[in-house]
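# Secondary and tertiary structure notes
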Amino acid sequence: MHTVLRRALLTVSGLVLGAATLAGIAAAGFATTMAHDFSALEPPHPPTAASTTKTAQGDRIKVAVLLGRHGTVATDAMGPYGVFAASERFDVRTVSSSRAPVALSGGLTVVPDAAYEDYASGRLTLPDLVVVPAISDPAATEEADLRAFIETAHASDRTVMGVCAGARVLVETAVLDGRRATSFWSDLDDMRATHPETTWISGQRWVEDGNVLTTAGVSSGIAASLHVVQRLAGTAEAVRIADDVRYPHWQPEGGTDIPVNTVSPADYPYVLGATLPWGQPRYGLGLTPGVDEIDVAAAAELYGGAAFTAHVIPVAETGEVTTRHGMTLLATPITDAGPIDRLVIPGVTSSQLTQAAPGVPVFVPAATANGGNTSFDPVLADIARTEGRSVATTAAKYIEYPLPALPAGGGFPTRISVLAILALLVSAAVGLLPVAIGRMRRRQAGRARTVTDDGDLASTP
């Protein structure tokens, strides 16, 4: 009986130790992924006064895109920014706790146009529309001023737009109490359980309830922003911008129904990619003056924050780049970026960047043959070619983007598959240690008894 119990304890200890090892590998990998994904650069020079960074507001519709202190999902912020800023009817600013640079997913860094103090002091008037993207820690004490700004705007009957898991920020305020809302598909069950004061809706690209609008995952903020442009600036203006953005399936009178996603075994590339970052290739994301915000967000988000196929490093000729509509992004000068395995340059081939990285393969995302979306479609097609259709399909699902036609054949996720096998083997080996140690001790004890017995026999007269 004692032997059976000992063996059972060793087996349980081994299982626990093996599971703990696997969990430790995953936790270390996820921490590494987040460090790559949300890492702000230092500015090449101190930010200038907020009042001089943008032209006078005039009578335009004022939009504030809020940014968290410790990280914001890139497409949640840059998608709506790119849509609204494309219209002269809107005055758009990125706003954070200060004008210190803040991180966006995919390794991007943005210098905010304004701080909450600019509005509190009266230097800027309260915006007509507040865009709330997903941020790293919605309930953090450090984000209290962000939440207070949302509540002030809401109390003043301004429109609040929560993008994707930006709903997790809004539930930390009273904005969604008693309202209908939606969010990123994988968050909805938890939101229903923890925030029953809100009616959570699945299968909708966006949900509008009074002056509060919430969207489904990530890329849905682009479609919802086109809807807001249509409502506030007219159909003609929305169609003009939509023709440039080319977000799939958006129509002025189109519906909001989308597929209801659920977690499935097919999502394994997302899980493995997020927790096994080792050995990722280094992709230089080439930022050029006037680059489109959505083009940048699509590449950064998909390679670095949804498919997790590469460690994305924004590079440029200098340390600061102004985008097409005036957003200030920071980058590592390409001459200081170190070894780069591939250079991805959204929108244009830059001879200066390619000359600074001789021999490095260059990929320029461009329109597909059927004239589809120019931001997301070519990147998803590239991921399918290099890592496999399953990786591209899962990435599209996790940014709730309508899946485009993907190339036949394609690659295979070799890196994460090999790492997953190695992680399982290491965890199994560690899990077997208690059993191996137990057997070793029993053998040693057996030898000791044999020696003792031999000694006793030798001393017998």
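In what follows, the structure referred to is the one given above.
The rules behind these values
Residues numbered from 1 in each chain as written. Predicted model: local features only at pLDDT ≥ 70, side-chain atom pairs only at ≥ 80, totals over all residues. Heavy atoms only, no water. Pairing = 2+ DSSP bridges. Helix = DSSP H or I, 4+ residues; strand = E, 2+ residues; numbered from the N terminus. Contact = heavy atoms within 4.5 Å. Axes fitted to C-alpha atoms, helices over the stretch in contact; angles between N-to-C directions. Buried < 20%, exposed > 50% of the residue type's maximum accessible area, 1.4 Å probe, protein only. Right-handed = clockwise from strand over helix to strand, strands pointing away. Phe/Tyr/Trp six-rings, centres within 6.5 Å; stacked < 30°, edge-to-face > 60°. Parallel < 35°, antiparallel > 145°, perpendicular 65-115°, else oblique. Left-handed = near helix turned anticlockwise from the far one by under 90°. Nonpolar A, V, L, I, M, F, W, Y, C, P; charged D, E, K, R; others polar. Expected span 1.5 Å × (residues − 1). Patch = residues over 30% accessible without salt bridge, like charges linked within 9 Å, V, L, I, M, F, W, Y side chains within 5 Å. Areas by Shrake-Rupley, 256 points an atom, 1.4 Å probe, with all protein chains shown as cover. Salt bridge = Lys/Arg side-chain N within 4 Å of Asp/Glu carboxyl O. Core = buried A, V, L, I, M, F, W, Y, C linked by side-chain atoms within 4.5 Å.

### Topic: the sheet that holds strand 17 (residues 342-344)
Within the open sheet, the five strands sit side by side as 16-13-12-17-18. Their pairing is parallel. Strands at the two margins of the open sheet, each flanked by one partner only, are strand 16 (332-333) and strand 18 (362-363). When strand 13 (residues 311-316) meets strand 16, the two strands line up parallel, connected through two bridges. When the bridges of strand 16 are listed, Ala316 appears paired with Pro333. With respect to the sheet, helix 10 (residues 293-306) is in contact with strand 12 (282-286), strand 13, strand 17 and strand 18, its orientation differing from that of strand 12 by roughly 170°.

### Here's the deal with the pairing of strand 12
Where a strand is regular, its side chains alternate between the two sheet faces. Across the five residues that make up strand 12, a large majority, four, are buried. In this sheet, strand 13 lies alongside strand 12 in parallel orientation, the contact comprising five bridges. When the bridges of strand 13 are listed, Leu285 appears paired with Pro314. Considered for its hand, the β-α-β crossover made up of strand 12, helix 10 and strand 13 is right-handed. Here strand 12 runs beside strand 17; their pairing, made up of three bridges, is parallel. Bridged to Tyr283 within strand 17 is Arg342.

### Examining the sheet that holds strand 14 (residues 320-322)
In spatial order, the strands read 3-4-15-14; together these four strands make up an open sheet with antiparallel pairing. The outermost strands of the open sheet, each flanked by one partner alone, are strand 3 (102-104) and strand 14. Adjacent strand axes in the sheet meet at a mean angle of 40° when their direction is disregarded.

### A short note on the side chain of Gln230
Structurally, Gln230 can be placed in helix 7 (residues 220-233). Residues within four places of Gln230 in sequence aside, it is in contact with Thr235, Ala238, Trp250, Pro252 and Glu253.

### Let's talk about helix 10
Of all 14 residues that make up helix 10, 14 are buried, and the element is covered over most of its length. Positive phi shows up at Phe308, right after helix 10, with a value of about 55°.

### A look at the packing of aromatic side chains
In this description, an aromatic ring pair is defined by two values, namely the gap between the centres and the angle between the planes. One pass over the structure, following the stated rule, counts 11 aromatic pairs. Where Tyr116 meets Phe149, the ring centres are 5.1 Å apart and the plane angle is 40°; that geometry is what we call tilted. Taken as a pair, Tyr116 in helix 3 (residues 116-120) and Phe149 in helix 4 (residues 144-155) lie far apart in primary sequence, 33 residues in all. A relative accessible area of 8% places Tyr116 in the buried class. Using a relative accessible area of 7% as the deciding quantity, one classes Phe149 as buried. Ring centres of Tyr270 and Tyr398 lie 3.9 Å apart, and the angle between their planes is 10°; on these two criteria the pair is classed as stacked. One end of the pair, Tyr270, is in helix 9 (residues 268-275); the other, Tyr398, is in helix 13 (residues 389-398), with 128 residues separating them in the sequence. Residue classification places Tyr270 among the partly exposed residues on the basis of a relative accessible area of 24%.

### Considering the side chain of Arg179
Note that Arg179 resides in the loop between helix 5 (167-170) and strand 8 (180-181). When sequence neighbours within four positions are dropped, the list of residues in contact with Arg179 reads His154, Glu197, Thr198, Thr199, Asp209, Gly210, Asn211 and Val212.

### Quick notes on the packing of helix 2 (residues 74-85) against helix 7
Where helix 2 meets helix 7, the axes come as close as 8 Å, and the angle between the chain directions of the two elements is 30°. With respect to helix 7, the element helix 2 is oriented roughly parallel. With respect to the hand of their crossing, helix 2 and helix 7 are arranged in right-handed fashion. Along the contact surface, helix 2 presents Thr75, Gly79, Pro80, Val83 and Phe84, while helix 7 presents Gly221, Ile222, Ser225, Leu226, Val228 and Val229. Tallied by class, residues from the contact of helix 2 with helix 7 come to seven nonpolar, four polar and no charged.

### Focus: helix 14 (residues 414-431)
For helix 14, with 18 residues, the first-to-last C-alpha span of 26 Å sits near the 26 Å given by 1.5 Å per residue. Listed in full, the buried residues belonging to helix 14 are Arg415, Ile416, Ser417, Leu419, Ala420, Ala423, Ser427 and Gly431.

### Concerning a nonpolar patch on the surface
Together, Val418, Ile421, Leu422 and Leu425 make up a nonpolar patch on the protein surface, roughly 370 Å² of accessible area in all. The residue Ile421 is located in helix 14 in this model.

### Some thoughts on the environment of Leu226
Along the chain, the position of Leu226 falls in helix 7. A relative accessible area of 0% places Leu226 in the buried class. Each C-alpha atom of the pair Leu226 and Val315 lies 30 Å from the other, and the pair is 89 residues apart in sequence. Excluding residues within four positions of it along the chain, Leu226 makes contact with Val83, Ala238, Ile241, Ala242 and Trp250.

### Considering the pairing of strand 6 (residues 129-132)
With burial as the criterion, each face of strand 6 is covered, one bearing Leu129 and Val131 and the other bearing Val130 and Val132. Note that strand 1 (residues 61-66) and strand 6 share three bridges and pair parallel. Within strand 6, the position partnered with Val65 by the bridge is Val131. Bridge count between strand 6 and strand 7 (residues 159-162): four bridges; the pairing is parallel. Its bridge partner being in strand 7, Val131 is matched across the sheet by Met161. Tracing the backbone out of strand 6, into helix 4 and back to the parallel element strand 7 gives a crossover that is right-handed.

### Considerations on the nonpolar core
One finds Met78, Phe84, Met161, Leu285, Leu302 and Tyr303 to be the most contacted residues of the largest nonpolar core, which totals 79 residues. Looking at this core element by element, the count peaks at nine residues for helix 10. Core analysis: the next-biggest nonpolar cluster, separate from the first, contains 27 residues, Phe149, Val175, Ala181 and Trp200 among them.

Purely spatial values, then, with no claim about function.
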